[in-house]
Amino acid sequence: MRLFWVGFVVVLVYGKWVDGFLEFNETELSYIESYGHDGSPYGSSKVYSNAVMVGLTLIQSAAAKGAVCLDGTLPGYHLHRGYGSGANSWLIQLEAAQLQFRGERIWFAAMEDLMMKGMRHANQALLSGCSAGGLAAILHCDKFKDLFPRTIRVKCLSDAGLFLDAVDVAGGRTLRNLYSGVVGIQGVKHNLPRICTNRLDPTSCFFPQNIISQVKTPLFILNAAYDSWQIQSSLAPPSADPHGYWHDCRLNHAKCSPSQISFLQGFRNQVLNAVRGFSMSKQNGLFINSCFAHCQTERQDTWFADDSPVVGNKAIAIAVGDWYFNRAAVKATDCPYPCDKSCHNLVFQRA
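In short, a report on the structure. Predicted model only: the values in this text are computed from it and were never measured. (Residues numbered from 1 in each chain as written. Predicted model: local features only at pLDDT ≥ 70, side-chain atom pairs only at ≥ 80, totals over all residues. Heavy atoms only, no water.)

Considerations on the state of the cysteines
Counted by the stated rule, this structure contains 6 disulfides. The disulfide partner of cysteine 130 is cysteine 295, and the gap between their sulfur atoms is 1.6 Å. A torsion of 85° about the S-S bond marks the disulfide between cysteine 130 and cysteine 295 as right-handed. Note that cysteine 130 is positioned in strand 7 (residues 124–130) and cysteine 295 in the loop between strand 10 (285–289) and helix 9 (300–303), a separation of 165 residues in sequence. Across this residue pair, the class does not change: cysteine 130 and cysteine 295 are buried. Residue pairing for cysteine 196: its cysteine sulfur links by disulfide to cysteine 205, the two sulfurs lying 2.1 Å apart. Disulfide cysteine 196-cysteine 205: torsion about the S-S bond near -95°, hence left-handed. Residue cysteine 196 shares its accessibility class with cysteine 205, and that shared class is buried. (Disulfide = S-S within 2.5 Å. Helix = DSSP H or I, 4+ residues; strand = E, 2+ residues; numbered from the N terminus. Buried < 20%, exposed > 50% of the residue type's maximum accessible area, 1.4 Å probe, protein only.)

Put into structure tokens, the structure is as follows:
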């Protein structure tokens with residue numbers, strides 16, 4: 001796909017977890033290594049050998065709208081323009097790099113700024129995001145579609161944004177407690193889909209499993225069945241594992257006991273149940289691979305390389321492209337671990 005690349009770094013309402021929750025960005029590999037099925041590492045040099053550095057564009061009109069960061073500074077984005085046949089194709093990528101309390105204002109300020117800079121002439125557009133940005137892509141998907149005429153192809157992609165309201169290893173709901181704080185403190189309720197809040201509490205409507213089937217715009221869900229962030233920060237965080245029984249397992253799946261693998265297989269089943277109704281819509285796309293990973297679109301080795309992860313012999317980039325351009329229906333669900341030998345599983349080196 002020849003698309004513009006617009007990376008937002010200050011769009012979503014949150015990006016860093018606090019109060020004892022693990023924080024890591026999968027695209028920063030100082031503490032992370034990625035391993036193939038044969039145990040060989042994918043080093044950071046392989047991932048970023050052809051990286052393109054794009055400067056930050058500040059949104060000068062944002063201050064007048066109250067769309068500023070916590071310290072009062074202007075928000076911004078990174079704009080890398082397309083050319084040739086891709087000159088009017090736009091890809092908006094949400095990262096959510098910092099904690100935000102005015103994410104909705106910043107979102108609208110950024111969209112308005114980009115429309116003035118040419119996005120209003122788009123002939124096709126894709127809103128995507130990774131992790132917290134993946135959740136933001138779901139929440140903003142229909143709003144993004146409404147920016148364009150009905151004749152324009154507009155779709156959304158959520159990578160590693162399928163955060164589940166799951167029970168942790170201690171029997172509690174670590175992520176629900178965190179989300180409850182986010183929704184309450186940051187006043188997210190009024191920005192959540194009313195079709196959900198009319199029947200469920202606001203915290204429940206912050207979980208994608210309760211809203212993805214109501215998204216009207218074509219949506220692609222890309223997620224690892226054993227999402228590494230959710231294992232570390234939702235299923236088996238230190239707060240739910242005070243004696244450290246899960247310490248080695250949450251850093252390296254190869255060190256999980258049979259009972260721990262069984263617990264993680266149960267989580268995979270929850271992932272599949274969460275997308276069952278969503279996947280029945282012809283307009284939606286799905287790629288659930290049985291890897292221990294997170295944010296597979298932001299790394300070249302997992303997005304599109306000779307040995308990228310595949311499901312049914314189809315790599316992630318090919319699957320997304322087939323779905324976006326209506327070349328083929330994509331509803332790819334992997335077999336359970338450890339059957340997939342194409343995974344680039346993440347192993348964490350922290351003590």
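With respect to helix 10 (residues 316–324)
Of all 9 residues that make up helix 10, 8 are buried, and the element is covered over most of its length. As for helix 10, its buried residues are in contact with strand 7, strand 8 (153–159), strand 9 (219–224), strand 10, helix 9 and strand 12 (314–315). Within two residues after helix 10, asparagine 326 carries a phi angle of roughly 60°, on the positive side. (Contact = heavy atoms within 4.5 Å.)

Observations regarding the side chain of aspartate 159
The topology assignment puts aspartate 159 in strand 8. One buried charged side chain, aspartate 159, makes no salt bridge at all; its nearest oppositely charged neighbour is arginine 299, positioned 9.7 Å away. In terms of polar contacts, aspartate 159 uses its side chain to reach the side chain of threonine 297, at 2.7 Å. Residue contacts for aspartate 159: discarding those within four places in its chain leaves Gly129, Cys130, Ser131, Gly134, Leu222, Cys295, Gln296, Thr297 and Glu298. (Lys, Arg positive; Asp, Glu negative; His and termini not counted. Salt bridge = Lys/Arg side-chain N within 4 Å of Asp/Glu carboxyl O. Polar contact = N/O pair within 3.5 Å; in protein donor to acceptor, adjacent residues only side chain to side chain.)

Some thoughts on empty space enclosed by the protein
One pass over the full model with this rule turns up 3 cavities of 30 Å³ or more. Size it by volume and the second largest cavity reaches roughly 70 Å³. In terms of lining residues, the second largest cavity is bounded by 13 residues, among which Cys249, Arg250, His253, Phe292 and Leu346 are the most central. Counting only elements with at least two residues in the lining of the second largest cavity, the list comes to helix 6 (228–235), helix 7 (247–251) and strand 14 (345–348). Broken down by class, the residue content of the lining of the second largest cavity amounts to 8 nonpolar, 4 polar and 1 charged. (1 Å grid on protein atoms, 1.4 Å probe; cavity = no way out; pocket = protein on both sides within 12 Å on 5 of 7 lines; lining within 4 Å. Points joined across faces, edges and corners; volume = space filled by probe spheres on them. Nonpolar A, V, L, I, M, F, W, Y, C, P; charged D, E, K, R; others polar.)

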